[in-house]
Amino acid sequence: MATELTDIGSIDRILGEMSLEEKAMFVIGSSPMSSKGFDKYGIPRIWTSDCCNGLNMFQYTVEKTFRQLEEEKGEKGESFDAEQFGIMGGLLVTVEELQKKAKQAAENGVDIPSSFDVISYPTGISQASTWNPEIANECARTVAKEFVKYGVDLILSPNINVHRDPLCGRLSESYSEDPYLVSRIGEAVVAGLQDEGIIANPKHFVANSQEKDRLTINEKIPMRALREIYLPGFKACVDAGALTIMSAYNKINDESCAMNKWLLTDVLKNEWGFKGCVISDWGASYEQVESVDAGTDLTMPGPRGYKCIIQAVEEERLDIEKLDDACRRIMYVIVKSQLKMKKKVKFDIDEAKSVVERAAREGMILLKNDGILPMSQQNAKISFYGQRSKTFAANSEGSGKVPSNFFTHPYTRAEELLGAENVSFQKTDEDTTLIVAVVGADGQEGADRKTMDMDEADRIALDQAVSDAERYGKKLVIVCNSSGPITLVDYVEDANAILAPFFAGQAGGKAVVDAIFGLYTPSGKLTDTWPRLYSDTPAYKNYGGENKEVWYGEGIYVGYRWYDARKIKPLFPFGHGLSYTSFEIKNLKVQDTNIDNGNLEVEVEVTNTGSLTGAEVVQLYISAPKSDFDKPDKELKGFKKVYLDPGETTKIVFCIKKEDLAHYHCGLEDFITEPGLYRIMVGRSSEDIVVQQEVKLECRDPFGWNVITGIGKLVSNSKVVEILDEALQGDVMKICAIPIQYAPDRTLKEIWEDTRIKSWFESQGRSSEDMKQAWKFIQSEFEKL
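A few points on the structure. All values derive from a computational prediction rather than experimental measurement. (Residues numbered from 1 in each chain as written. Predicted model: local features only at pLDDT ≥ 70, side-chain atom pairs only at ≥ 80, totals over all residues. Heavy atoms only, no water.)

The next thing to look at is the overall build of the protein chain. The secondary structure content of the protein chain amounts to 25 helices and 25 strands. Projected onto the principal axes, the alpha-carbon positions of the protein chain cover approximately 100 × 75 × 45 Å. Here the protein chain holds 785 residues, and 59% of them are scored as buried. Long-range contacts, defined here as pairs at least 24 residues apart, represent 77% of the contacts in the protein chain between residues at least 6 apart. About 31,200 Å² of surface is accessible on the protein chain, with carbon and sulfur atoms providing 45% of the total. Distance between charge centres in the protein chain, computed from 92 positive and 122 negative side chains, equals 1 Å. (Helix = DSSP H or I, 4+ residues; strand = E, 2+ residues; numbered from the N terminus. Buried < 20%, exposed > 50% of the residue type's maximum accessible area, 1.4 Å probe, protein only. Contact = heavy atoms within 4.5 Å. Areas by Shrake-Rupley, 256 points an atom, 1.4 Å probe, with all protein chains shown as cover. Lys, Arg positive; Asp, Glu negative; His and termini not counted. Charge placed at Lys NZ, Arg CZ, Asp CG, Glu CD.)

The subject of this paragraph is the environment of Asp 770. Tracing the backbone through its elements, the reader meets Asp 770 in helix H25 (residues 768–784). You can call Asp 770 partly exposed: its relative accessible area is 32%. Separated by 43 residues in sequence, Asp 770 and Ala 727 place their C-alpha atoms 9.4 Å apart. A distance of 3.0 Å separates the side chain of Asp 770 from the backbone nitrogen of Ser 767, its partner in a polar contact. (Polar contact = N/O pair within 3.5 Å; in protein donor to acceptor, adjacent residues only side chain to side chain.)

What follows is about the packing of helix H24 (residues 755–763) against H25. Where H24 meets H25, the axes come as close as 10 Å, and the angle between the chain directions of the two elements is 120°. One finds that H24 runs oblique with respect to H25. The two elements H24 and H25 cross, and the hand of that crossing is right-handed. Counting all contacts with H24, which are made through Ile 757, Lys 758 and Phe 761, the residues of H25 involved are Asp 770, Met 771 and Ala 774. Here the contact of H24 with H25 is built from residues that sort into four nonpolar, no polar and two charged. (Axes fitted to C-alpha atoms, helices over the stretch in contact; angles between N-to-C directions. Parallel < 35°, antiparallel > 145°, perpendicular 65-115°, else oblique. Left-handed = near helix turned anticlockwise from the far one by under 90°. Nonpolar A, V, L, I, M, F, W, Y, C, P; charged D, E, K, R; others polar.)

With that out of the way, let us pick up the pattern of salt bridges. Scanning all chains against the criterion turns up 56 salt bridges. Residue Glu 616 pairs with Lys 525 through a salt bridge whose shortest N-O separation is 2.9 Å. Of the two residues, Glu 616 sits in strand S19 (residues 614–623) while Lys 525 sits in the loop between helix H17 (508–516) and strand S15 (549–551), which places them 91 residues apart along the sequence. Comparing Glu 616 with Lys 525 shows no difference in burial state: the two are buried. Of the charged contacts in the structure, one is a salt bridge between Lys 749 and Glu 753, with a shortest N-O distance of 3.1 Å. Of the two residues, Lys 749 and Glu 753 both sit in helix H23 (residues 748–753), four residues apart, roughly one turn of that helix. (Salt bridge = Lys/Arg side-chain N within 4 Å of Asp/Glu carboxyl O.)

In the contact formed by helix H14 (residues 349–362) and H17, the axes pass within 9 Å of each other and the chain directions differ by 50°. As summarised for this structure, H14 and H17 are arranged oblique, according to the angle between their axes. In the crossing of H14 with H17, the sense of the turn from one axis to the other is right-handed. Together, Glu 357, Ala 360 and Arg 361 of H14 and Gly 508, Lys 510, Ala 511 and Asp 514 of H17 make up the contact between the two elements. By residue class, the composition of the contact of H14 with H17 is two nonpolar, one polar and four charged.

Along strand S14 (residues 497–500), one buried face is formed by Ala 497 and Leu 499 and the opposite face, lined by Ile 498 and Ala 500, is buried too. Relative to S14, strand S9 (residues 365–369) runs antiparallel, the two sharing four bridges. Directly across from Asn 369, in S14, lies its bridge partner Ala 497. With three bridges joining them, strand S13 (residues 476–480) and S14 adopt parallel strand pairing. Counted as the bridge partner of Val 479 is Leu 499 from S14. (Pairing = 2+ DSSP bridges.)

A separate point is the sheet that holds strand S4 (residues 218–220). Strand order in this open sheet of four strands is S7-S6-S4-S15, and the pairing throughout is mixed. Looking along the sheet, the strands with just one partner apiece sit at the ends: strand S7 (255–256) and S15. Sheet topology places S4 next to S15; three bridges connect them, and they run parallel. Residue Asn 218 lies in a different strand from S15, and its bridge partner there is Glu 549.

On to unusual backbone geometry, then. A cis amide bond, omega 5°, links Ser 157 with the succeeding residue Pro 158. Mapped onto the elements, Pro 158 comes out in the loop between strand S2 (154–155) and helix H7 (179–195). For the bond from Lys 203 to His 204, the omega torsion is -10°, close enough to zero to count as cis. For His 204, the position within the fold is in the loop between strand S3 (199–200) and S4. Even without being a glycine, Lys 541 presents a positive backbone phi close to 65°.

This paragraph deals with the environment of Glu 397. Tracing the backbone through its elements, the reader meets Glu 397 in the loop between strand S10 (382–385) and helix H15 (410–418). The class of Glu 397 is partly exposed, set by a relative accessible area of 33%. When the C-alpha positions of Glu 397 and Gly 446 are compared, they lie 9.2 Å apart, and in sequence the two are 49 residues distant. Once residues lying within four places of it in the same chain are set aside, the contact partners of Glu 397 are Gly 443, Gln 444 and Glu 445.

Moving on, we come to the environment of Gly 37. Mapping Gly 37 onto the fold places it in the loop between helix H2 (20–26) and strand S1 (48–49). The spatial distance from the C-alpha of Gly 37 to the C-alpha of Met 25 is 9.4 Å, given a sequence separation of 12 residues.

Here we come to helix H6 (residues 133–149). In this model H6 runs 24 Å from its N-terminal to its C-terminal C-alpha over 17 residues, within 8% of the 24 Å that 1.5 Å per residue would give. Taken across its 17 residues, H6 has 12 buried, putting it largely inside the fold. Those residues of H6 that sit buried are Ile 135, Ala 136, Asn 137, Cys 139, Ala 140, Thr 142, Val 143, Ala 144, Lys 145, Glu 146, Phe 147 and Val 148. Looking at the buried side of H6, the elements it contacts are S1, helix H5 (124–128), S2, H7 and H14. The N-capping residue of H6, defined by a side-chain oxygen 2.9 Å from the backbone nitrogen of Glu 134, is Asn 132. Remark: Gly 151 follows H6 within two positions and exhibits a positive phi of approximately 80°. (Expected span 1.5 Å × (residues − 1).)

Attention shifts here to the packing of aromatic side chains. The tally for this structure, following the rule as stated, stands at 19 aromatic pairs. Summarising the aromatic geometry, the rings of Tyr 230 and Tyr 552 are spaced 5.5 Å apart at their centres and angled 75° between planes, so their arrangement reads as edge-to-face. On the criterion of sequence distance, the pair formed by Tyr 230 in helix H8 (residues 223–230) and Tyr 552 in the loop between S15 and helix H18 (560–566) is long-range, its members being 322 residues apart. The pair formed by Tyr 230 and Tyr 552 is uniform in burial state, with each residue classed as buried. Judged by centre distance (5.8 Å) and plane angle (70°), the rings of Trp 752 and Phe 761 are edge-to-face. The exposure class assigned to Trp 752 is buried, which follows from its relative accessible area of 8%. Judged by relative accessible area, which is 1%, Phe 761 ranks as buried. An aromatic cluster of at least three residues, connected via ring pairs, comprises Trp 131, Tyr 180, Tyr 560, Phe 574, Tyr 621 and Phe 639. In this structure, Lys 390 packs its charged tip against the face of Tyr 411, placed 4.8 Å from the ring centre. Positioned over the ring face of Phe 425 is Lys 390, at 4.3 Å from the centre of the ring. (Phe/Tyr/Trp six-rings, centres within 6.5 Å; stacked < 30°, edge-to-face > 60°. Lys NZ or Arg CZ within 6 Å of the ring centre and 35° of its normal.)

Here we take up the sheet that holds strand S24 (residues 676–683). Strands sit in the order S17-S25-S24-S19-S20 across an open sheet of five strands; the sheet is mixed. Each having just a single partner strand, strand S17 (593–594) and strand S20 (635–644) make up the two edges of the open sheet.

Read these as layout, nothing more, since geometry by itself doesn't imply function.
Written out as structure tokens, the structure is:
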């Protein structure tokens, strides 16, 4: 009798019983959205679906249809060809196509929801705009409960890709241009999903920064940029306990992510200690054998041929241990997620509606306000401009599209509050009290935006709104219902107020009008720098690439790091967001610290000095000491959202660890922190720094004396010369005379690796092992300096 998967201890026993064919089948998906199951071993399928925006009803319908047809064919003893039934094509679909597919499925007796009574959650950019991990966690818990209701086991989220450029088609799905903010929101989402019994799947590992040529694009990314900007968010998700990771379509420095051993095995599994399962993006395992060998554990989707894996093992082109490890990791995820236990459905749709409305409100960003907002409902008459006021976008097109019956729109919400007779569409007269122009630009999986401009129809409507506001002497509010920043430089002076909800899910339209009338106080903050012009952006003329190759020439200077370095004034800075009340940030306290022995504590007080209850996001930026090692002017290292009544004061304490201040040094192949004077800055945005203070931080100097120090500097220290002479058993000043005189910046590591040192050892009759021991001696002695 076969062993049944019950706990971690049963995994290796099952591996010992599995045939090679079963193992090869196990690492390939068995259906469009599910992994392979084995009844004989008690191994269930893992049912996956998109996403944190809400349930992808098309994927759900496809999978339900697939399973029913598969069962029907199986009962008749017939083989099942998925492609024959036309359900293995692309999983991206319009609402109209989905409704047609759902109707066909229902006619065939497939048990699917008869309507779109699913919740549409705020997209990633909107959730991150709350700057509140607790809100993101609450949304994740709620969406997890809903997915449990529909029998889904794994959610293909969160999207952890850093916002390199505002034109990215999937910008709204992910969080921010800043890796620290991405990390804090991402880890909160992972925890929320998995605490409610749904497996998290952070994606797309790594740097899936564009949609153009996304299947084949070769991204040339400097190692330091990978380490400091693009990898930290995934590391945070792993540390938060993510059970799976999704690899990306793109190549990183010539290697496709799903077939990238350095990325999946060396970094993710070995360096970070990830014990879970790597799942390919749908179709990203371009070569199945190479994918397994590199560290992809589950190739999706299925069905797909697996005999190539069997053949590779038999021909010893694929180590059986690699295949065993992939199988082991899939079973590990099933056990750790308690997938076999029947989950209790705890989803309450009314509670879910409240959660998403709260999130939409907290993510609402007030970009500009000359005092016109909040507006009184009494005697108010509003004229809306732009079709989006009636068809407000809740999310972007693609796998994150969530058709729902619960969408709200600014126009209809205004009718609810004011009465239909006091709301008009693109008609302004003397009685109008406010003009609201709702404009934007949609994002889409599979295609990047061509420009940062708003949609043409929206631009025409906005021009008319500006003209009518001037003609009738009325106030104008602009609402940005977009996937990210849009070009507003020509309109910002015309507007009395600007709101940016982005794609805020089903409650977005309602949240806009409620903000206008002061039913709550906006407290959202920008997660991306909002440029004046697209030509100001870091990747301008270097985004999208050509000939299926793109160079990340900006390196670590993504987002506000770039604007700071180039002294470019954005339209709105990173972290910006106004309120209907006011806050004072004061009494910054910080002390000199030896961070080798303890953490740096930063204390500050915040007072609500206005007349309304509201929330402020207190942001901590730190500027590292100037040195030959290039670093950004400042970086976000902490934030805290606080809720205060008028006159109320609270104290905030940030705790900064040594590793929080570290930067990646390619020569040392490690993160390093330098001692020296650091500037501690606390404010409301990356530009609005309110209080700041310099502090002296002590720690071991990574550039004091080490193997990447220039030879010229090294031989200026007599103690170092003694160490080198002893290791070489000769005079370093003579052995290295040429680089000392003509290339003093060459590091000891570089000199040691060229033929000069090897020739010296050979001339002394010493072996390569002697050379290795001498190198270890040098490193050991340098540690003592």
